[in-house]
Amino acid sequence: MKRYHWDIYAILEAPQELYFGHEVEINVNRVETVTLEGPEGKVVKPYFSPTKRRGVERRTLLWAPHRDGKTLGEHLECGIPGTCARMEPEDGKPACPICRVFGALRPGEKTVIGRLTHGGGVAIQTLEPQEKQRAMHPSDLARSGSEQENPTPFRREYNQPGLYYPVYNHALSVSEEEFAAAAYAFLNALPRVGAGNPKGARILSDEEFGPYLVLDRYLVPKGARPIISPHQTTIEPALAGFRQAAQQVRGASVENGRAEDPYFTRWVGEAASAELERLAQQFADAYLV
Ligand SMILES: [Zn+2]
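In this text, all values refer to a predicted model and were calculated from it rather than measured experimentally.

### Focus: the overall build of the protein
- Counting its secondary structure elements, the protein contains seven helices and 17 strands.
- Counting only C-alpha atoms, the protein reaches 75 × 60 × 35 Å along its principal axes.
- The buried share among the 289 residues of the protein stands at 35%.
- Counting contacts in the protein only where the partners sit at least 6 residues apart, residues at least 24 apart contribute 65% of the total.

### Overview of the environment of G79
- Looking at the secondary structure, you find G79 in the loop between helix 2 (72-76) and helix 3 (97-102).
- For the pair G79 and L62, spaced 17 residues apart in sequence, the C-alpha separation works out to 6.7 Å.

### Notes on the packing of helix 1 (residues 50-62) against helix 5 (residues 176-189)
- Their axes nearest at 8 Å, the elements helix 1 and helix 5 cross at an angle of 105 degrees. Between helix 1 and helix 5, the interaxial angle falls into the category roughly perpendicular. In contact with R53, V56, E57, T60 and L61 of helix 1, helix 5 contributes A181, Y184, A185, F186, N188 and A189.
- Per-class residue counts for the contact of helix 1 with helix 5 are seven nonpolar, two polar and two charged.

### Thoughts on helix 1
- Helix length check: helix 1 (13 residues) gives 18 Å between terminal C-alpha atoms against 18 Å at 1.5 Å per residue, within 8%.
- Within the sequence span of helix 1, burial applies to R53, E57, R58, T60, L61 and L62.
- Each element contacted by the buried residues of helix 1 is listed here: helix 2, helix 3, strand 8 (116-120), strand 11 (164-175) and helix 5.

### Re the pairing of strand 5 (residues 41-46)
- As paired strands, strand 4 (residues 33-38) and strand 5 are joined by six bridges and run antiparallel to one another. The partner of E37 across the bridge, within strand 5, is K42.

### Some thoughts on the environment of H66
- Looking at the element boundaries, H66 is found in the loop between helix 1 and helix 2.
- Linking H66 and G41, residues 25 residues apart in sequence, is a C-alpha distance of 51 Å.
- Apart from residues no more than four positions distant in its own chain, H66 is found in contact with T71, L72, H75 and L288.

### Focus on the packing of helix 5 against helix 7 (residues 270-287)
- It is the contact of helix 5 with helix 7, at a shortest axis distance of 7 Å, that shows an interaxial angle of 110 degrees. The angle between helix 5 and helix 7 falls in the class roughly perpendicular. Handedness of the helix 5/helix 7 crossing: left-handed. Facing F179, A180, A181, A183, Y184, F186 and L187 of helix 5, the residues of helix 7 in contact are L276, E277, L279, A280, Q282, F283 and A284.
- Classifying every residue of the contact of helix 5 with helix 7 gives twelve nonpolar, one polar and one charged.

### Quick word on the nonpolar core
- Ranked by internal contacts, the top residues of the largest apolar core, which has 65 residues, are A10, I98, A181, A182 and A183.
- Considering every element that reaches this core, the biggest residue donor is helix 5, with nine residues.
- Beyond its immediate sequence surroundings of up to four residues, A183 is in contact with L276, L279, A280 and F283.

### Describing the environment of L239
- Within the fold, L239 resides in helix 6 (residues 235-246).
- Between the alpha carbons of L239 and C78 there is a distance of 39 Å; along the sequence they are 161 residues apart.

### Here's the deal with helix 7
- Compared with the 26 Å implied by 1.5 Å per residue over 18 residues, the 26 Å span of helix 7 between its first and last C-alpha is a close match.
- Among the residues making up helix 7, those that are buried are A271, A272, S273, L276, L279, F283 and Y287.

### Points about unusual backbone geometry
- A cis amide bond links I80 with the next residue in sequence, P81, at an omega value of 0 degrees.
- Looking at where P81 falls in the secondary structure, it is placed in the loop between helix 2 and helix 3.
- Even without being a glycine, E77 presents a positive backbone phi close to 55 degrees.
- In this fold, E77 is placed in the loop between helix 2 and helix 3.
- Even without being a glycine, S173 presents a positive backbone phi close to 50 degrees.
- Position of S173 among the secondary structure elements: in strand 11.
- What makes S173 exposed here is the crowd of 11 C-beta atoms within 10 Å.

Analysis parameters
- Residues numbered from 1 in each chain as written.
- Predicted model: local features only at pLDDT ≥ 70, side-chain atom pairs only at ≥ 80, totals over all residues.
- Helix = DSSP H or I, 4+ residues; strand = E, 2+ residues; numbered from the N terminus.
- Buried ≥ 20, exposed ≤ 12 C-beta atoms within 10 Å, placed from the backbone.
- Contact = placed C-beta atoms within 7 Å.
- Axes fitted to C-alpha atoms, helices over the stretch in contact; angles between N-to-C directions.
- Parallel < 35°, antiparallel > 145°, perpendicular 65-115°, else oblique.
- Nonpolar A, V, L, I, M, F, W, Y, C, P; charged D, E, K, R; others polar.
- Expected span 1.5 Å × (residues − 1).
- Pairing = 2+ DSSP bridges.
- Left-handed = near helix turned anticlockwise from the far one by under 90°.
- Core = buried A, V, L, I, M, F, W, Y, C linked by C-beta atoms within 7 Å.

Note that all results are geometric; they support no functional claim without further evidence.
The following block contains the structure:
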């Protein structure tokens with residue numbers, strides 16, 4: 001079983017408002033933001049935290065449809081927070097493709113550190129979250145008219161539509177078969193990101209560059225890493241920086257979206273998309289269909 005390091009670099013675009021639960025203040029559900037100190041002073045940015053993305057990815061795998069009519073999590077007897085932690089076949093049950101990559105915790109027994117980590121999430125734009133009045137929860141509506149206290153309408157902050165979130169996933173020393181679970185999770189989590197409704201993001205794409213997506217598989221890192229500085233607040237230079245880094249591989253040139261030497265392979269744009277889909281299908285063949 002040959003192991004590699006793997007990195008996914010992408011820019012996600014939210015086609016509608018998104019809510020990422022953070023904290024509840026009096027009657028308002030706040031979204032998560034980060035505050036940066038830059039050359040032009042303090043800047044507040046919307047934040048799609050990597051831990052939330054990781055949670056959605058893990059659930060995407062747990063809820064994947066298994067051929068026996070159960071979800072994959074039910075089939076494997078793996079869940080959240082009750083992870084199965086089966087790194088090897090055990091008691092007649094298969095090793096868990098989810099715990100092997102995402103890690104697992106069996107309270108009091110064993111902890112397995114995940115080999116997939118998530119980064120990025122600081123939006124490029126500085127657009128402030130917007131607060132909106134939301135319909136009351138049905139349980140509150142049912143209560144109104146009774147003798148009890150009046151229900152409080154709830155307000156919720158949303159991140160504005162059209163925000164760009166650079167995101168990065170890194171897998172440490174995993175085989176292609178193991179990384180296939182991460183590829184499946186990354187692609188299938190996209191329509192499901194966000195808490196409540198609405199949900200979903202897409203990989204930003206333009207006609208010239210295609211999808212803003214880079215996939216690296218390597219023993220030795222040889223490409224410029226297309227990471228956007230959180231201080232960058234202007235869209236076009238940020239995207240140009242991503243495109244430029246994506247094309248920059250030491251000792252090899254990117255041709256037809258791919259650069260390769262014996263230690264490093266990079267897929268860019270449409271080619272990266274196709275490779276991730278191929279890996280996701282490999283996961284489906286092994287565990288779902
Ligand atoms: Zn498991």
